[in-house]
Amino acid sequence: MGAGNEKEARVNSAKLTLNIAGVEKTIDFPVIVGSENEVAIDIRDLRAKTGVIALDPSFGNTGSCTSAITYIDGDAGILRYRGIPIEQLGEHSSFVETSYLLINGRLPNKFELGEYSRKLTMHSLIHEDMKHFFDGYPSTAHPMAILSAMVCSLSSFYPEALDATNTELFDITATRLLSKVRTIAAFSYKKSIGQPVMYPRNDLSYCANLLQMMFATPCEPHEPDEEVVKIVNLLLILHADHEQNCSTSTVRVVGSGQANLFASVAAGICALWGPRHGGANQEVIGMLAKIQANGGDVNKFLSLVKDKSSTVKLMGFGHRVYKNFDPRALLIKKAADSALRKLGKPDPLLDVAKRLEEAALKDSYFIDRKLYPNVDFYSGIIYRALGFPTNMFTVLFALGRLPGWIAQWKEMNEDPTTRIARPRQIYTGNVAQDYVPIDSRV
Ligand code: ACO
């Protein structure tokens, strides 16, 4: 299968007795057991054997694939990339090394890591013609709108990558994407504040280069602080993959039609943008600022959240899979504390966030529903302290998630059993009726 110590899924079988419209049938279905003993009934043949389909809106109970990339135990608060706990990667790895791990299935040796970093450095420029695209956007454009469009536009500069089935081109396409998205992200920020773009510098590491392109100007160099570079590495690592979430599933669905990597990832970026998903990190800051502006009463805000007649959510809380602490949130909270201390930039919103978390975790509404802080609850506070504007937070999430999207697209593309993703539906509209000419309509 892959290069690491992953195992093929074991296959058993289950007999299900179904009684549909009074007709009883007992049918054998394969049972798939994963390497961490997660169990699934493989219902691929359900319709062929019974004539009925499974209905699972929002896919809460549906496994869309088997995957050897990321493991989550939502009840135990465990997250591992290729088997390695996120806590260890956060402490010892770099974003570049973690990207290699996710995409290639194993940690690189020294030589491989050096080569990989060098390649990422050598592909950081975007075509000069692309630079003009930025001029076409209003200065008020959200950088996620620019990012998604620019990533899709990359496919027009590398037409050879349009053939998603050409696996020989995968490495160079993935490298270009991973390197250039950082440049595009920084350029879109510069556009939004009316400053000239800063070109990448080959003497800097991946994350230091991002900071330089964001915060230097032609009149003022920016030498990124080592501590800050470390924090950015940590944040990107913590966002690097999260198995079949909304944006990753989007990448796989789009890719299953054999759309190229740039187009598939552009679709993933759009999916990430929503406030229920990656856009939540921006919303959290808005929420905390509002609570603070209204006197800082967190309990009053929670009452509003709990009021079923309101649509207000506690942003940065809750998760489809985690019914316990999101391990990323724990690491980010710790990092936020130490980053703010090191940078000497106390943020009153951190205090509001901590009080809000404490109050929510004691409240039966959140306890009963197993709602805990997710990755987005504290990340924005660090990004603010580092000087990133709020509307760049989701762009940073996208940058972090890139290796995961790439790895998942690759895994899907290499799997010979992949078919185009094409769910079915239960139709609830009108039964057949005749077309009525316009003059005869009431
Ligand atoms: N605030 C208040 N109530 C919540 C919240 C929240 N943040 N999250 C879930 N609930 C409630 C729901 O209203 C529901 O209550 P009910 O049983 O009385 O109807 C119950 O908890 C179960 O929630 P669901 O909506 O069924 O959970 P689902 O898995 O569909 O949604 C989601 C998960 C979208 C993350 C949700 O928790 C949410 O909207 N959170 C806030 C936005 C957010 O932080 N998103 C980032 C998620 S992490 C990521 O994508 C990067």
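Whatever comes next refers back to the structure up there.
One structure accompanies this document, and this report is about it. (Residues numbered from 1 in each chain as written. Predicted model: local features only at pLDDT ≥ 70, side-chain atom pairs only at ≥ 80, totals over all residues. Heavy atoms only, no water.)

1. Let's talk about the site of the ligand
As a structural note, the neighbourhood of the ligand is formed by 21 residues, with His277, Lys308, Leu314, Gly316 and Arg320 the closest of them. The side chain of Arg320 places a nitrogen or oxygen atom 2.7 Å from an oxygen atom of the ligand. Residue Arg369 places a side-chain N or O atom 2.9 Å away from an oxygen atom belonging to the ligand. Starting from 910 Å² of accessible surface for the ligand in isolation, the protein chains cover 73%. When its residues are assigned to classes, the shell around the ligand shows ten nonpolar, five polar and six charged. (Near = heavy atom within 4 Å. Polar contact = N/O pair within 3.5 Å; in protein donor to acceptor, adjacent residues only side chain to side chain. Areas by Shrake-Rupley, 256 points an atom, 1.4 Å probe, with all protein chains shown as cover. Nonpolar A, V, L, I, M, F, W, Y, C, P; charged D, E, K, R; others polar.)

2. Brief notes about a positive patch on the surface
Among the surface-exposed residues, Arg47, Arg419, Arg422 and Arg424 lie close enough to one another that they form a single positively charged patch. By secondary structure assignment, the location of Arg419 is in the segment after helix H18 (393-414). A relative accessible area of 71% places Arg419 in the exposed class. (Patch = residues over 30% accessible without salt bridge, like charges linked within 9 Å, V, L, I, M, F, W, Y side chains within 5 Å. Salt bridge = Lys/Arg side-chain N within 4 Å of Asp/Glu carboxyl O. Lys, Arg positive; Asp, Glu negative; His and termini not counted. Charge placed at Lys NZ, Arg CZ, Asp CG, Glu CD. Helix = DSSP H or I, 4+ residues; strand = E, 2+ residues; numbered from the N terminus. Buried < 20%, exposed > 50% of the residue type's maximum accessible area, 1.4 Å probe, protein only.)

3. Details of the state of the cysteines
Applying the stated criterion across every chain yields a total of zero disulfides. Looking at Cys246, it has no disulfide partner, and the nearest cysteine sulfur is the one in Cys270, 11 Å off. (Disulfide = S-S within 2.5 Å.)

4. Quick notes on the pairing of strand S4 (residues 70-73)
In summary, the side chains of a regular strand alternate between the two faces of the sheet. Here four bridges tie S4 to strand S5 (residues 78-81), and the two strands are oriented antiparallel to one another. If you follow Thr70 over to S5, its bridge partner there is Tyr81. What sits between S4 and S5 in their antiparallel hairpin is a turn of four residues, with Gly77 showing a positive phi close to 70°. (Pairing = 2+ DSSP bridges.)

5. Side note on the pattern of salt bridges
Following the criterion strictly, the structure yields 19 salt bridges and no others. The salt bridge partner of Asp28 is Lys15, with a shortest N-O separation of 3.2 Å. Residue Asp28 is found in strand S2 (residues 23-33), and its partner Lys15 is found in strand S1 (residues 10-20); the two are separated by 13 residues along the sequence. Residue Asp28 is classed as partly exposed on the basis of its relative accessible area of 36%. Given the relative accessible area of 60%, Lys15 is considered exposed. Taking the shortest distance from any N to any O, the salt bridge between Glu36 and Arg80 comes out at 2.8 Å. Taken as a pair, Glu36 in the loop between S2 and strand S3 (39-41) and Arg80 in strand S5 lie far apart in primary sequence, 44 residues in all. On the basis of relative accessible area, Glu36 is assigned to the partly exposed category, the value being 37%. Taken together, the shared-partner salt bridges in this structure form one network comprising Arg201, Asp203 and Glu223.

6. Considering the packing of helix H7 (residues 170-192) against helix H8 (residues 206-215)
Two numbers describe how H7 lies on H8: the axes approach to 8 Å, and their chain directions differ by 20°. On the basis of the axis angle, H7 is roughly parallel to H8. Taken as a pair, H7 and H8 cross one another with a handedness that is right-handed. Of the residues in H8, those in contact with Leu178, Ser179, Arg182, Thr183, Ala186, Tyr189 and Lys190 of H7 are Tyr206, Asn209, Leu210, Met213, Met214 and Phe215. Among the residues forming the contact of H7 with H8, the class breakdown is eight nonpolar, three polar and two charged. (Axes fitted to C-alpha atoms, helices over the stretch in contact; angles between N-to-C directions. Parallel < 35°, antiparallel > 145°, perpendicular 65-115°, else oblique. Left-handed = near helix turned anticlockwise from the far one by under 90°. Contact = heavy atoms within 4.5 Å.)

7. Topic: the sheet that holds S3
Strand order in this open sheet of three strands is S1-S2-S3, and the pairing throughout is antiparallel. Single-partner strands in this sheet number two, and they are S1 and S3. Across this sheet, the average inter-strand angle for adjacent strands is 30°, counted without regard to direction. Here S1 runs beside S2; their pairing, made up of eleven bridges, is antiparallel. In the strand pairing of S2, Lys15 is matched with Asp28.

8. A few points about the nonpolar core
Counting 115 residues, the largest nonpolar core has Leu177, Met287, Leu314 and Leu356 as the members making the most contacts within it. The leading source of residues in this core is H18, at twelve residues. With residues up to four places along the chain from it excluded, the contact list for Leu356 reads Met287, Leu288, Ile291, Val298, Phe301, Leu302, Leu314 and Phe377. (Core = buried A, V, L, I, M, F, W, Y, C linked by side-chain atoms within 4.5 Å.)

9. Focus: the sheet that holds S4
Strand pairing in a sheet relies on backbone hydrogen bonds, with the paired strands running either antiparallel or parallel. Spatially, S4-S5-S6 is the arrangement adopted by the three strands of the open sheet, whose pairing is antiparallel. What marks the edges here is a single partner per strand, and that holds for S4 and strand S6 (84-85).

10. Considering the side chain of Ser153
With respect to the helices and strands, Ser153 occurs in helix H6 (residues 143-157). Residue classification places Ser153 among the buried residues on the basis of a relative accessible area of 18%. With sequence-adjacent residues up to four places away left out, Ser153 is seen in contact with Met130 and Phe133.

11. Observations concerning unusual backbone geometry
One non-glycine residue with positive phi stands out, namely Asn37, at about 65°. By the secondary structure assignment, Asn37 is in the loop between S2 and S3. With a phi close to 50°, Arg82 is a non-glycine residue in the positive phi region. You can see Arg82 is positioned in the loop between S5 and S6.

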